[in-house]
Every structure is written in C-alpha cells, then in structure tokens.
Amino acid sequence: MPTVLQLRPEADPAAVNAALQGLGVHGEVARGAGGAVIVLGPVSCVVAPGVLADLPGVAAVLAGPSPHPRLDALAWRAVRVGPGDLAIGPGAPPVLIAGPCAAESRAQVDAAAALAAAAGAKLLRGGAYKPRTSPYAFDGAGPDGLGWLRDAADRHGLGLVTEALSEADVERVAAVADLIQIGSRQMQAFALLRAVGRTGRPVLLKRGRAATLAEWRLAAEHLLAAGAPGVVFCERGIAGADPELRNTFDLAGAVLLRCSMGLPVIADPSHAAGRRDVIAPLARAAWAAGLDGVVVEAHADARHALSDGVQALSPAELAALGRALGTARAQEEER
Ligand code: PEP
Ligand code: MN
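First, a word on scope: everything that follows refers to the structure included in this document. These figures come from a predicted structure and were not determined experimentally.

1. So, the pairing of strand β1 (residues 4–7)
For a regular strand, the rule is simple: side chains alternate between the two faces of the sheet.
Logical step 1: Covered by surrounding structure in β1 are V4 and Q6 together with L5 and L7, the residues of both alternating faces.
Logical step 2: Taken together, the three bridges between β1 and strand β4 (residues 58–61) define a ladder with antiparallel strand orientation. Bridging from a neighbouring strand, L7 pairs with V58 of β4.

2. Thoughts on the pattern of salt bridges
Should the charged atoms of two oppositely charged side chains come close, the side chains can pair.
Logical step 1: Enumeration over the complete set of coordinates arrives at 12 salt bridges.
Logical step 2: Here R275 makes a salt bridge to D277, at a shortest N to O gap of 2.8 Å.
Logical step 3: Overall, R275 belongs to the partly exposed group, its relative accessible area being 35%.
Logical step 4: For R276, the salt bridge identified is with E317, shortest N-O distance 3.9 Å.

3. Some remarks on unusual backbone geometry
In most cases, non-glycine residues show a negative phi, while peptide bonds are predominantly trans.
Logical step 1: We note that D85 has phi near 55 degrees; this positive angle belongs to a residue other than glycine.
Logical step 2: Take D85: it is sitting in the loop between β5 (79–81) and β6 (86–88).
Logical step 3: If you check the backbone angles, D308 has positive phi at about 55 degrees while not being a glycine.
Logical step 4: Assignment of secondary structure puts D308 in the loop between β14 (293–297) and α12 (315–325).

4. Considerations on the site of ligand 1
Logical step 1: Around ligand 1, the structure places C101, R125, K130, P131, Q181, G183, S184, R185, K206, R236, H271 and E297.
Logical step 2: Separating an oxygen atom of ligand 1 from a backbone N or O atom of S184 is a distance of 2.7 Å.
Logical step 3: Here an oxygen atom of ligand 1 sits 2.6 Å away from a polar atom, N or O, in the side chain of R236.
Logical step 4: Protein coverage of the free-state accessible area of ligand 1, which is 300 Å², stands at 98%.
Logical step 5: Using a 2 Å cut-off from the grid points, one finds that ligand 1 occupies the largest pocket.
Logical step 6: Classifying every residue of the shell around ligand 1 by side-chain character gives two nonpolar, four polar and six charged.

Criteria and thresholds
Numbers given to residues run from 1 along each chain, matching the order in which its sequence is written. Written order decides the labels, with chains lettered from A and ligands numbered from 1. Where local features are concerned, this predicted model is filtered to residues with pLDDT of at least 70; where side-chain atom pairs are given and counted, the filter is 80 or more; whole-chain, interface and lining totals use all residues. No hydrogens and no water enter the side-chain calculation; it runs on all heavy atoms of the structure. A simple rule labels every residue: compare its accessible area, found with a 1.4 Å probe on the protein chains alone, to the largest value its type can have, and call it buried under 20%, exposed over 50%, or partly exposed in between. A run of H or I in DSSP counts as a helix once it spans at least four residues, and a run of E counts as a strand once it spans at least two, with each numbered from the N terminus. The criterion for strand pairing is that DSSP finds at least two bridges linking the strands in question. In what follows, salt bridge is the name for a side-chain nitrogen of Lys or Arg lying within 4 Å of a carboxyl oxygen of Asp or Glu. By convention in this text, a residue qualifies as near a molecule or strand provided that one of its non-hydrogen atoms is within 4 Å of it. Polar contacts here mean pairs of N or O atoms no more than 3.5 Å apart (in protein, one a potential hydrogen donor and the other a potential acceptor; neighbouring residues in sequence count only if both atoms are side-chain atoms). Note on areas: Shrake-Rupley with a 1.4 Å probe; residue coverage comes only from the protein chains shown. Any residue with an atom within 4 Å of a point lines the site, the site being either a cavity, points on a 1 Å grid over the protein atoms alone where a 1.4 Å probe fits but cannot get out, or a pocket, an open set with protein on both sides within 12 Å along at least 5 of 7 lines. More than half of a molecule's atoms lying within 2 Å of a cavity's or pocket's grid points is what places that molecule inside it. Gly is placed with the polar residues, together with every amino acid not listed as nonpolar (Ala, Val, Leu, Ile, Met, Phe, Trp, Tyr, Cys and Pro) or charged (Asp, Glu, Lys and Arg).

So, in structure tokens, the structure goes:
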C-alpha cells in the first residue's frame, strides 16, 4: 500500500516533490479526484508520517508508510530459484515440491527423489537439520544428510529446498540448497533470518504457528533487508482448537497474501494436517485457489520413517497427487 500525499489546492506539486527529494523520498505527482496528489515510493518508510504531514503544501497523508517496502517492491513478481532459474510466484505456473520430512539415508533420499521427479516435482524437499519437539527424537543426519539430498536432487534433475535451523548451519546449507527453508519455529529467529538473508539465496519462509500475517510479512522483510533476493511464503497451518488435526490450514490467509498483495505463496498441507488422508484434497484446494504451489512429504516406506511418518504420502499417493495436479511426468510428456 503506497503512501499518498493529498496536496492543498494552492500547493505547487513540483515544489512539494523537491522538498520530498530533500528527504530522500521519491514521489510521483498524479491527479486524484480531490486535486493533486503525490504517490510515494517504498523508501517512504524511513520518514516518520508526521514529517510528511508537516511539509508545506501537504493537506493530508492518506496511507501510512508500509513497514515492509522491500517486500512491496517485489509484489506481483516470481522468485527465481536455482541455476535453472525456476520461477515460483505470480506469473509462473504452480510448482509441486516433494520429498521426505528428514534425510535418513542415501538410499531413502534417492528413492524419494525418484518419486518426486516422477510426480512432476520441480524441487526435492527434505531436512538434514530437524526441529523436533522432543530432545530425544531423531533430529537429522546433519552434513551427511545435506550431501545425500544434493546428490539425489542432481541425479533426478530437481532443485533442492532444505532447512537452516541455526546460524551455525547456514553456510553448509547455503552450499547445497537452491532455496533455504526457514521453519515455522524459526520464523522470528531474527539473527537466523539475517544470516540466511546474507547468503544471497532465495528463501522459503514458513509461517510461525501463532504468527499473524503482518508478522509473517515482516519476517520476510528481515530476510530481504539482509540481502535475500526473494522470499516464497509457505502456509503450513496455524494453531487451532481441534486436536484431530495437527494445525489449522489457513487457506484464506494464504490467498489474501497471494491474490490481494501479489506475494509468492505455496501451501504445505502435510504439516497443516498431520495425517495423510486429507493432504491430497488440501493440496488440490491450494492449487485451485491460485497459490504458487504445494510442498508435500513423501516416503517410500512411511511406516519406518524416522520423523513425520503418519503424514508421509506413499509412492502411489504421491503419484496420484501428481496426476490430479497435472504435473506427473507422463502427463508432461503427452502435451
Ligand atoms: C518441515 O518442513 O519438515 C518442518 C519441520 O516444517 P515446519 O517448520 O512447518 O513445522
Ligand atoms: Mn516434517
């Protein structure tokens, strides 16, 4: 939402604009229904609203400065990911991203990557550093896992999205990831956001379980301010009242960001639902609603998965989802 200055009838728009330039603010003069206005560029957030209101010739400040000018400047544009320049976001076709919750072994990751590729996924997902609620749960294979993920992605022609859990992992993760994931629990870990932003890699920013949409956008602004070239938002469910589902899938919030604000948004129905029977319908709903893609967990042997097995799609289920979304390889080749 740009800031708009309504000018007094007697004001000289060029003189007001010159005063703005003196403040380091770029403005465009336009004719509104009520007379001349000046529409300000995103840099307006560095100037207090009171300073703008007090400028000679200004009758009113019609909209508050945006708290996330860098994000606003990227609206309605896709994020470019990986050496293949995969576009995710407005103007680009939706993407399927699939893979295991965690990288467990070279063979397991390779099998999942094969399934993902056959289903028409563009990126492999999987964590080598896992945030776990229990300190005794499997928390990832670390650097070995990163290597398995990168190798599997390369073997199957996929890009890679994987999580950086702490500042200590950022360099290692950035060395292999095409898209760095910030997990739900880390959405407001600001030192981590700065470190990930500084790598210059695009970021998949999961929504905090209790985060408002405004907090989510500001977390993205932290990444962009630190140097990230783009941020893809990932709706993965927020805290709800009902224990039968892991979280509550906020499709409306995702649609608001994507369709009204023009921000790149994908959905993660796996973590939103936490049970495999509702994942494919949620994925189809997100796709139909106009989001930029879905990310789902899949495992060739979900019963023995070391994390999130109950929400992992089986090979047959992932293949069926690829067919339902129209991404599956056979369908791609038919066209
Ligand atoms: C994940 O993607 O494996 C994960 C831990 O997700 P979230 O941060 O959304 O819980
Ligand atoms: Mn998981």
